[in-house]
Amino acid sequence: MNARPHADHRVLIYGGFAFSLAVVIAICRPWDLADRFMIGAPFGRDFVNYWMGGRLALDGHLALLTDFRTYNTLIAERFSHTTDDFFVFSYPPNLLPFLVPFGALPYLPALIIWTAINLALLVWSARLLGADRRVQIATALSPATLTMVVYGQFSGAMAALAILAITRGARRPALAGLCLALASVKPQLAAAIGLLMLLLGQWRAVAWSIPGAAAVAALSALLFGLAPWKNFIDVTVPFHAWLIHDFLPNHLRTMLSIYGAARLGGLPFAAAQAIQIGFALSVIAGAVLLIRRDGLTPRTLTLLLLSGIGALAYFELYDLAVIAPTLSVALFGSEQSDRRPFLPLVPASLLWLAPPLAIPFGVAHWPIINLVVAGVLAAGLVMQWRCGRGSNQRAGNPSAEVGDVGAGRLETALLEPR
């Protein structure tokens, strides 16, 4: 694949979108809102949790979020949906203040606004990386973006926060820290991003994030009291720890970690966790060393974010939307000093199509896409390391703070008038 979009790129972008849409329609059957995957609308399944969280906060009934039986009965009755489906509000109470405005609206308008905001943030994130209009379209049409819309997740917001935090961490630590603090509404991903930033030497930004995260948590306590936090710690956290430890495949079908692949392969918890930890340490070390040598570019940032996500024992297919902007720029954009491909066509296509492919393979309990994502990440790190790009630049300025080279380059893209 050349650096600039050509026929293969157009096939991957438009053909990939059409293929992904066909997979979603065939498996999710979005016209059946009573007995199948979707609820309340032909898209945005998980948004029912966010809308219910906001509505229950307004009604003063937040205790229902951790009363799983009553919560699911209420959802089934309100949306005329099957009681065989099972929903859990998995998020800490610091997310609730952001959900109240959506809970105040009727469900469908709230879902449309939620989806539009996250789509806009994904495209905006691509602009931060200097993407032209063509690459912004690729971001909007990427299979990862489509799965985000299908699941009604807020990966667009998380992508914007992660990209801003890492690319501004060296030069604008207060802004980066605020982004990391806001990302704490998804704690496991915020922890991974914070660790990456520390390893890149962006400790000032991480330090700024601590009072920011505390303020977000305090706001939720001020608005809704401490009971939601107690219920989250006493009920929600142990439930998810049990779910992942005992590994119930029917509830973890689209979990894409190496840990998930190992458990589906029959390994016990300890062995699978050991494999996950070894993989996590390897890819994070490789990505950080690559950035220390080459600086931040869309390519190295893609590998860094994917390493952070892949290091988690639990992550879902829609979490790959966090790398949709960086991956789109890395695959379809142009880097003036490097005309070599980011990835060969086959692994690039597999990574691009991984989110929708995870749906049918997950239903079959086959961990193939888990291995694909891990394999492409490892191959991408090796390939970029061998390219040796940027080594002369960093060798010529050994005293430069880690992150300054890349952050400066990406900030320039942000500040250019468009």
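Please refer to the structure higher up on the page.
None of these values were measured; they are calculated from a predicted model.

Visitor: Mind showing me how you'd approach the overall build of the chain here?
Guide: Helices and strands together make up the secondary structure of the chain, namely 20 helices and 0 strands. Taken across its 418 residues, the chain has 56% of its residues classed as buried. Considering only intrachain contacts with a sequence separation of at least 6, the fraction spanning at least 24 residues in the chain is 75%. As displayed, the chain offers around 16,900 Å² of accessible surface, 66% of which is attributable to carbon and sulfur atoms.

Visitor: Explain the environment of Gly 333 here, please?
Guide: Mapped onto the secondary structure, Gly 333 falls in the loop between helix H16 (324–332) and helix H17 (345–363). For Gly 333, a relative accessible area of 13% corresponds to the buried category. With 35 residues separating them in the primary sequence, Gly 333 and Pro 298 have C-alpha atoms 9.0 Å apart.

Visitor: Just checking my understanding: could you explain the packing of aromatic side chains for this structure?
Guide: Ring pairs (aromatic) are described by centroid distance and by the angle formed between their planes. The tally for this structure, following the rule as stated, stands at 24 aromatic pairs. Centroid distance Phe 79 to Tyr 107: 4.9 Å. Interplanar angle 70°. Geometry classified as edge-to-face. Of this pair, Phe 79 sits in helix H3 (residues 68–79) while Tyr 107 is found in helix H5 (residues 107–128), placing the two residues 28 residues apart along the sequence. Overall, the relative accessible area of 14% leaves Phe 79 in the buried class.

Visitor: Can you walk me through the side chain of Ser 328 in this structure?
Guide: In this structure, Ser 328 sits in helix H16. Under the relative-accessibility criterion, Ser 328 is labelled buried at 0%. Residue contacts for Ser 328: discarding those within four places in its chain leaves Val 135, Ala 138, Thr 139, Gly 333 and Trp 352.

Visitor: Sorry if this is basic, but what is going on with the nonpolar core here?
Guide: If you look at soluble globular proteins, the nonpolar side chains tend to sit buried side by side. Residues Phe 47, Ile 166, Met 197 and Leu 304 are the most contacted members of the largest nonpolar core, which totals 116 residues. Residue contacts for Met 197: discarding those within four places in its chain leaves Ala 165, Ile 166, Gly 169, Ala 176, Leu 180, Gln 202, Trp 203, Ala 205 and Val 206. Among the nonpolar cores identified, the runner-up in size contains 10 residues, and Phe 68, Phe 247, Ala 262 and Ala 272 belong to it.

Visitor: What's the story with helix H9 (residues 173–182) in this structure? I'm lost.
Guide: One full turn of an α-helix is made of 3.6 residues, so residues set three or four places apart face in the same direction. For H9, the complete set of buried residues consists of Pro 173, Ala 176, Gly 177, Cys 179, Leu 180 and Ala 181. Its buried side turned inward, H9 meets helix H8 (155–168), helix H10 (187–199) and helix H11 (203–224).

Visitor: What am I meant to see in empty space enclosed by the protein here?
Guide: Any space left empty among the atoms is revealed by the rolling of a water-sized probe across them. One pass over the full model with this rule turns up 8 cavities of 30 Å³ or more. Each pocket or cavity is described by its volume, and for the largest cavity that value is around 100 Å³. Taken together, Leu 62, Leu 65, Thr 66, Phe 89, Tyr 91, Pro 92, Pro 93, Leu 96, Pro 228, Asn 231, Phe 232 and Thr 236 make up the full set of residues lining the largest cavity. Ranked by the residues each element gives to the lining of the largest cavity, the list is headed by helix H12 (residues 227–246), at 4 residues. Here the lining of the largest cavity is composed, by residue class, of 9 nonpolar, 3 polar and no charged.

Visitor: Mind showing me how you'd approach the pattern of salt bridges here?
Guide: Taken as a whole and assessed by the stated rule, the structure comprises 5 salt bridges. Asp 46 serves as the salt-bridge partner of Arg 45, at 3.7 Å between the closest nitrogen and oxygen. Asp 294 is paired through a salt bridge with Arg 293; the nearest N and O atoms lie 2.8 Å apart. Here Asp 294 and Arg 293 have matching classes, each one buried. Sharing partners across several salt bridges, the network here consists of Arg 45, Asp 46 and Asp 85.

Calculation notes
Residues numbered from 1 in each chain as written. Predicted model: local features only at pLDDT ≥ 70, side-chain atom pairs only at ≥ 80, totals over all residues. Heavy atoms only, no water. Helix = DSSP H or I, 4+ residues; strand = E, 2+ residues; numbered from the N terminus. Buried < 20%, exposed > 50% of the residue type's maximum accessible area, 1.4 Å probe, protein only. Contact = heavy atoms within 4.5 Å. Areas by Shrake-Rupley, 256 points an atom, 1.4 Å probe, with all protein chains shown as cover. Phe/Tyr/Trp six-rings, centres within 6.5 Å; stacked < 30°, edge-to-face > 60°. Core = buried A, V, L, I, M, F, W, Y, C linked by side-chain atoms within 4.5 Å. 1 Å grid on protein atoms, 1.4 Å probe; cavity = no way out; pocket = protein on both sides within 12 Å on 5 of 7 lines; lining within 4 Å. Points joined across faces, edges and corners; volume = space filled by probe spheres on them. Nonpolar A, V, L, I, M, F, W, Y, C, P; charged D, E, K, R; others polar. Salt bridge = Lys/Arg side-chain N within 4 Å of Asp/Glu carboxyl O.

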